[in-house]
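A structural walkthrough
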Amino acid sequence: VPFDPAELGDACSFRTPCEGGTCLREFDSGYPGGFCAYVGCEVGVSGSCPGDGVCAPRGTRNICLSGCAADSDCRDGYACRPSVAGDPASVTVCTPACTTDAQCPGRGTECDTTTGLCVVPG
């Protein structure tokens, strides 16, 4: 199934899959409510992400995240921040930024306001 650019940044889970993309599930990745992403892009290469996606380095892989201009462009639990940590001039994307446990609907997770991720306590 090809990736639908309209799904980029949508909530996803085992029950609500990310067709053709990768679901960064809350329990596994800490992304509030899950995040439908596209994996395997090239940072700084125009057109390597579908739709308005922006390629951002995350850990050992590059993923397409939703591009944004302001926090209001992102869904609840996310904020508009530079795509490359430590580079305030990099293109901005919607990244996890939970502020309350209510933004972490997954079973057994709570908001870590330091990282903006939903985590399993303990």
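Structure's up top.
The sections below set out a description of the structure shown in this document. (Residues numbered from 1 in each chain as written. Predicted model: local features only at pLDDT ≥ 70, side-chain atom pairs only at ≥ 80, totals over all residues. Heavy atoms only, no water.)

Tallied over the full model, the rule gives two salt bridges. For Asp 28, the salt bridge is made with Arg 25, and the minimal N-O distance between the two is 2.4 Å. On the accessibility criterion, Asp 28 (52% relative accessible area) is exposed. Residue class for Arg 25 comes out partly exposed when judged on its relative accessible area of 26%. Measuring nitrogen to oxygen at the nearest pair gives 3.3 Å for the salt bridge that ties Arg 81 to Asp 71. Residue Arg 81 is located in strand 5 (residues 78-82), and its partner Asp 71 is located in the loop between strand 4 (61-66) and strand 5; the two are separated by ten residues in the primary sequence. Residue Asp 71 is classed as partly exposed on the basis of its relative accessible area of 41%. (Salt bridge = Lys/Arg side-chain N within 4 Å of Asp/Glu carboxyl O. Buried < 20%, exposed > 50% of the residue type's maximum accessible area, 1.4 Å probe, protein only. Helix = DSSP H or I, 4+ residues; strand = E, 2+ residues; numbered from the N terminus.)

Relative to the assigned elements, Thr 95 resides in strand 6 (residues 92-96). Overall, the relative accessible area of 9% leaves Thr 95 in the buried class. Among all residues touching Thr 95, those that are not within four sequence positions of it are Arg 58, Leu 65, Gly 77, Tyr 78, Ala 79 and Arg 81. (Contact = heavy atoms within 4.5 Å.)

This next bit is on the packing of aromatic side chains. Using the criterion set out here, one finds three aromatic pairs in the structure. Aromatic side chains Phe 3 and Tyr 38 sit 5.5 Å apart centroid to centroid with 55° between the ring planes, which places their arrangement in the tilted category. Here Tyr 38 lies in strand 2 (residues 35-39) and Phe 3 lies in the segment before strand 1 (22-24), a separation of 35 residues in the sequence. Summarising the aromatic geometry, the rings of Phe 35 and Tyr 78 are spaced 5.5 Å apart at their centres and angled 45° between planes, so their arrangement reads as tilted. Highlighted residues: Phe 35 in strand 2 and Tyr 78 in strand 5, separated in sequence by 43 residues. When sorted by exposure, Phe 35 lands in the same class as Tyr 78, which is buried. Three or more aromatic residues joined by ring pairs make a cluster, and in this case those are Tyr 31, Phe 35 and Tyr 78. (Phe/Tyr/Trp six-rings, centres within 6.5 Å; stacked < 30°, edge-to-face > 60°.)

This part is about the environment of Thr 109. Tracing the backbone shows Thr 109 in the loop between strand 6 and strand 7 (110-112). Spatially, the C-alpha atoms of Thr 109 and Phe 27 are 7.0 Å apart, while their sequence positions differ by 82 residues. Dropping the residues within four chain positions of it, Thr 109 is found in contact with Glu 26, Phe 27, Cys 104, Cys 118, Val 119 and Val 120. At a separation of 3.2 Å, a polar atom in the side chain of Thr 109 contacts the main-chain carbonyl oxygen of Gly 106. (Polar contact = N/O pair within 3.5 Å; in protein donor to acceptor, adjacent residues only side chain to side chain.)

Before going further, it helps to spend a moment on the pairing of strand 3 (residues 53-58). Look at any regular strand and the pattern is simple: side chains alternate between the two faces of the sheet. One ladder, built from six bridges, connects strand 3 with strand 4; its direction is antiparallel. The residue bridging Arg 58 from the neighbouring strand is Arg 61, located in strand 4. Between strand 3 and strand 4, which pair antiparallel in sequence order, lie two residues; one of them, Gly 59, sits at a positive phi of approximately 65°. (Pairing = 2+ DSSP bridges.)

This brings us to the state of the cysteines. Throughout the structure, instances matching the rule amount to eight disulfides. Shown here is the disulfide that connects Cys 41 with Cys 55, its sulfur atoms set 2.1 Å apart. Residues Cys 41 and Cys 55 are joined through a disulfide that is right-handed, its torsion about the S-S bond being 85°. Separated by 14 residues along the polypeptide, Cys 41 in the loop between strand 2 and strand 3 and Cys 55 in strand 3 bring together distant segments of the chain. Cys 55 carries the same exposure label as Cys 41, and that label is buried. The disulfide that involves Cys 98 links it to Cys 111, with 2.1 Å between the sulfurs. Between Cys 98 and Cys 111, the S-S dihedral sits near 100°, and the bridge is therefore right-handed. (Disulfide = S-S within 2.5 Å.)

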